[in-house]
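Chain by chain, the residues:
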Amino acid sequence: ATPTALLVGTGRGAQLGLLIKGPEVLESTRKVDTIVLDKTGTVTTGQMALVDVAVADGVDPEEALRLVGGLEHASEHPIARAIAEAAQARVGTLPAPEGFANREGLGVEGTVDGHAVVAGRPALLADWGLRLPAALDAARTAAEAEGRTAIAAAWDGETRAVFVVADTPKPTSAEAIRQLKALGLRPVLLTGDNASTARAVAAQVGIDDVIAEVLPSEKAEVVKRLQAEGRVVAMVGDGVNDAPALAQADLGLAIGTGTDVAIEASDLTLVSGDLRAAGDAIRLSRKTLGTIR
Ligand code: ADP
Ligand code: MG
C-alpha cells in the first residue's frame with residue numbers, strides 16, 4: 001500500500017473513533033479472521049452490582065456482608081468493589097482485613113475480625129478443601145445460568161455464603177458481533193469467569209465459541225494457540241490482565257475506557273468503548289488497502 005493511502009486511512013479512522021498507532025496497523029487488520037473478545041468490560045459494561053447474597057442455614061446475612069465486604073474492600077477488582085460498596089451501604093464501616101492476599105483471577109483471602117475468610121471462584125475454595133453445600137450450589141447454578149457471577153465465601157472452615165454479582169452486555173455488543181460475523185470473522189469469548197456464566201453472556205450477544213476459566217497469565221497462551229492453528233487473531237480487551245494477550249495478537253484492540261496498560265499494549269484503540277468500532281476498523285482497512293491492490 002502507498003503511505004499516502006494508509007495515512008488517509010488512519011485519518012478516516014480518527015473520524016470513526018479509532019485511534020490507530022501507525023499506518024502499518026491497517027495492513028494487519030485486513031488479514032484478521034478471528035476476533036477474541038474479553039468478557040468483562042469489553043463485551044459487558046464491567047459495571048458490576050451485587051444483586052443477591054445467599055447464605056447457609058443459620059448464617060446472618062449482615063455478618064456475611066461485614067466479613068466478606070471487609071475482605072473485598074482491600075481488593076481493586078470490579079467484583080470486589082461491587083461487594084464492598086453494597087456491604088458498606090448495608091452494614092456501615094467495614095472491618096479491615098489482616099494478612100490480605102489477592103489470588104489473581106481466583107479471589108481473595110485474609111483474616112477479618114479474627115475469622116479466616118476466603119472469597120472467590122469455587123476452585124479457590126477447593127484449594128482450602130472447601131465445597132459448596134447443596135443449597136448454595138443451587139444458588140450458584142441459577143445465577144450462572146443467567147450470566148451472573150457467583151462468588152463463594154467461606155469463613156471458620158465452612159462455605160457459608162454465595163454473593164451474586166451482575167454485569168450486563170453493553171447495549172451495542174450484540175449488533176457489533178452481528179457485524180463482525182457478517183465480515184466473515186469468527187468471534188471467540190475469552191474470560192476468567194466460569195463457563196456457565198460465560199456461555200450465558202455469549203448467547204446473549206450471539207457468540208458461539210467460548211473459552212472460560214482462563215487465568216490472567218494464560219490469556220496470551222490462548223491467543224498463541226489459535227495462531228498455531230493458522231488463525232490471524234485480533235484481540236479486544238480492556239484490563240491489565242489482557243495486556244499480554246493484546247500484545248501477542250496479530251492485532252490488539254483496546255477499549256478506550258479501559259486501563260492505560262491495555263491501551264499501550266494495543267495497535268488500535270476503540271475510543272468510546274463501543275464494540276461496533278471493531279467492525280469499522282476491519283472495513284476501513286479492507287477499503288483502504290482494497291483501493292490500492
Ligand atoms: P475476567 O477475565 O472476566 O476479567 P478475572 O480474571 O479478573 O475475570 O477474574 C476471574 C474470576 O476470578 C472472577 O469471575 C471471580 O470469580 C474471581 N475473582 C477474581 N477476583 C476476585 C475478587 N476480588 N473477589 C472474588 N472473586 C474474584
Ligand atoms: Mg476485562
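Computed from a predicted model, the values in this text were never measured in an experiment.

1. Section: the overall build of the protein
(1) Moving on: Looking only at helices and strands, the protein has 13 helices and 13 strands in total.
(2) Moving on: A globule of 293 residues ought to have a C-alpha radius of gyration of about 19 Å, and the protein, at 21 Å, matches this closely.
(3) Moving on: With respect to the three principal axes, the spread of C-alpha positions in the protein is 70 × 30 × 30 Å.
(4) Moving on: Counting across all 293 residues of the protein, residues that qualify as buried make up 50%.
(5) Moving on: Intrachain contacts of the protein at a sequence separation of at least 6 include 60% that bridge at least 24 residues.

2. A closer look at the site of ligand 1
(1) Moving on: The environment of ligand 1 is made up of 22 residues, and the closest members are Thr40, His77, Ala80, Gly120 and Gly192.
(2) Moving on: Going through the elements one at a time, α3 (39-43), α5 (78-91), β5 (107-112), β6 (115-120) and β7 (149-155) are the ones with two or more residues in the shell around ligand 1.
(3) Moving on: Counting residues domain by domain, the shell around ligand 1 receives three or more from each of domain 1 (3-45 + 169-290) and domain 2 (49-166).

3. Points about the packing of helix α8 (residues 173-182) against helix α13 (residues 276-290)
(1) Moving on: Across the interface, α8 lies against α13 with an axial gap of 7 Å and an inter-helix angle of 25°. In terms of orientation, α8 lies roughly parallel with respect to α13. The interaxial crossing formed by α8 with α13 has left-handed handedness. Mapping the contact onto sequence places Glu175, Ala176, Gln179 and Leu180 in α8 and Arg276, Ala278 and Gly279 in α13.
(2) Moving on: Class assignment for the residues of the contact of α8 with α13 results in three nonpolar, two polar and two charged.

4. Side note on the domain arrangement of the protein
(1) Moving on: Assigned domains of the protein: these are domain 1 (3-45 + 169-290) and domain 2 (49-166).
(2) Moving on: When each unit is reduced to the centre of its C-alpha atoms, the spacing between domain 1 and domain 2 is 32 Å.
(3) Moving on: The biggest single contributor to the side of domain 1 that touches domain 2 is helix α9 (residues 195-205), with five residues.
(4) Moving on: Residues that form the side of domain 1 that touches domain 2 fall into these classes: four nonpolar, six polar and one charged.

5. A word on the sheet that holds strand β10 (residues 209-211)
(1) Moving on: Reading across from one edge, β1-β13-β12-β11-β2-β9-β10 is the order of the seven strands in this open sheet, with mixed pairing throughout. Two strands in the sheet have a free side with no partner beyond their single neighbour: β1 (18-20) and β10. Averaged over all pairs of adjacent strands, the angle between their axes in this sheet comes to 20°, without regard to strand direction.
(2) Moving on: Pairing of β1 with strand β13 (residues 268-270), which is carried by three bridges, proceeds in the antiparallel orientation. Across the sheet, the residue bridging to Leu19 is Thr269, located in β13.
(3) Moving on: Sitting on the sheet, α9 is in contact with β9 (186-190) and β10, with an inclination near 150° to β10.

What counts, and at which threshold
Residues numbered from 1 in each chain as written. Chains lettered and ligands numbered in written order. Predicted model: local features only at pLDDT ≥ 70, side-chain atom pairs only at ≥ 80, totals over all residues. Helix = DSSP H or I, 4+ residues; strand = E, 2+ residues; numbered from the N terminus. Rg over C-alpha atoms; globule rule 2.2 N^0.38 Å. Buried ≥ 20, exposed ≤ 12 C-beta atoms within 10 Å, placed from the backbone. Contact = placed C-beta atoms within 7 Å. Near = placed C-beta within 6 Å. Domains from an automatic or database assignment. Axes fitted to C-alpha atoms, helices over the stretch in contact; angles between N-to-C directions. Parallel < 35°, antiparallel > 145°, perpendicular 65-115°, else oblique. Left-handed = near helix turned anticlockwise from the far one by under 90°. Nonpolar A, V, L, I, M, F, W, Y, C, P; charged D, E, K, R; others polar. Pairing = 2+ DSSP bridges.

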